[in-house]
Amino acid sequence: MRRKMMFISSLCLAPLSHVLGVEQSYSHVMFDDFNYANFTQAKENGWMVRTEKGHPGVKGATWWEEGVTFHPHPLDHTNFIMRLTSKTDGTSVNTRQTQVCHKRKYREGTYAARVYFNDIPQYGPDGDGIVETFYAISPLVAPMDKNYSEMDFEYLANGGWGEGNHALFATSWETFQLTPWTKVNQHDASIRSLQGWNTLVLHVADNTLRYYINGRLFATHGPEVFPEVPMSINFNLWFIQEQLVQNPVMRQYYQDVDWVYFAKDTLLTTHQITQQISSFRNNRIEQYDSVPEWSPKQKDYCSL
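Let me begin by describing the structure that accompanies this report. (Residues numbered from 1 in each chain as written. Predicted model: local features only at pLDDT ≥ 70, side-chain atom pairs only at ≥ 80, totals over all residues. Heavy atoms only, no water.)

### Points about the nonpolar core
So, step 1. Counting residues in hydrophobic clusters, the biggest one holds 50 residues, and the most contacted among them are Trp-47, Tyr-111 and Phe-235.
So, step 2. Here this core gets five residues from one element, more than from any other, and that element is strand E16 (residues 231-239).
So, step 3. Excluding anything up to four places from it in sequence, Tyr-111 contacts Tyr-106, Phe-134, Ala-136, Met-151, Leu-200, Val-201, Leu-202, Val-204, Met-231, Ile-233, Tyr-261 and Phe-262.
So, step 4. One finds Val-29, Tyr-212, Ile-273 and Ile-285 within the second-largest nonpolar core, a separate group that totals 13 residues. (Core = buried A, V, L, I, M, F, W, Y, C linked by side-chain atoms within 4.5 Å. Buried < 20%, exposed > 50% of the residue type's maximum accessible area, 1.4 Å probe, protein only. Helix = DSSP H or I, 4+ residues; strand = E, 2+ residues; numbered from the N terminus. Contact = heavy atoms within 4.5 Å.)

Right, here's the structure in full:
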């Protein structure tokens, strides 16, 4: 029987030690403000960058370590953001995609991130199928593995997968196989532009997954796709191969991430999460991780 989640109804902006003392389970928190000068610093706090070729995206494309960088926030130069940059000229040899991952130790609780979505490229022709993401995932041990787990926010700035322009997909996976392509999942889509900053929140509890965008519930998925195994937390920026513009001119896209947050075995509203981010920042805490390693400890994972 799955343990019932704890819902914290109110949180004060007290010093961190007091805030974390509200409930014992609430001390199992991961927060990162991405105030790094380079990715070497991020690695010290458990972040990995993908370099292994493979699914998803353009077959044969490079997963690009240099595409992950850190920059001052344009409205507050004391606050840094993580930037994922990807580019293509329509060929696999010149396509660069980006992905970053945090330790494989997450399952039930609250996931949240503040993400900047872009509807158009930084430069070059528009129109490619570009996927801007925040998600959690486990390895696929074998095709149609029933213990596979994945939960996705995926923003398609130019549409795709049966939807028109500007579609945010919430997809929860039971399993899949690549050849022949077979999927078992539940998904919903919000069809509107999300250009700019957005707060994404996912509740994982009691055999139910609830996806929120800027405080609004837009997808609820049931026990058939509830995660069975621990996952890593990920962001990636990739191209849908079937929707690449047939144009040899290079074009480049990016998405930014202001912060990421996870609370184990606890459900928090968007407002409560933003209060907690303010509390961390008021206390000048840029990174905090008290989420225990999974037992047994899982190997680092940054693929698929």
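Still more ground to cover, so stick around.
### Digging into the pairing of strand E14 (residues 208-213)
So, step 1. Of all six residues that make up E14, five are buried, and the element is covered over most of its length.
So, step 2. Here strand E13 (residues 196-205) runs beside E14; their pairing, made up of six bridges, is antiparallel. Of the residues in E14, the one forming a bridge with His-203 is Arg-210.
So, step 3. Hairpin remark: E13 followed by E14, antiparallel, with two residues in the connecting loop; positive phi at Asp-206, about 55°.
So, step 4. The pairing of E14 with strand E15 (residues 216-221) spans five bridges and is classified as antiparallel. Pairing of Leu-209 across the sheet is with His-221, part of E15.
So, step 5. Counting the residues that bridge the hairpin from E14 to E15 gives two residues, and of these Asn-214 lies at a positive phi of roughly 50°. (Pairing = 2+ DSSP bridges.)

### Overview of the environment of Gly-67
So, step 1. Summarising the element assignment, Gly-67 is placed in the loop between strand E4 (62-63) and strand E5 (68-73).
So, step 2. Counting along the chain gives 154 residues from Gly-67 to His-221, while the straight-line C-alpha distance between them is 33 Å.
So, step 3. Those residues within four positions of Gly-67 in sequence are excluded, and the remaining contacts are Arg-83, Leu-84, Thr-85 and Thr-98.

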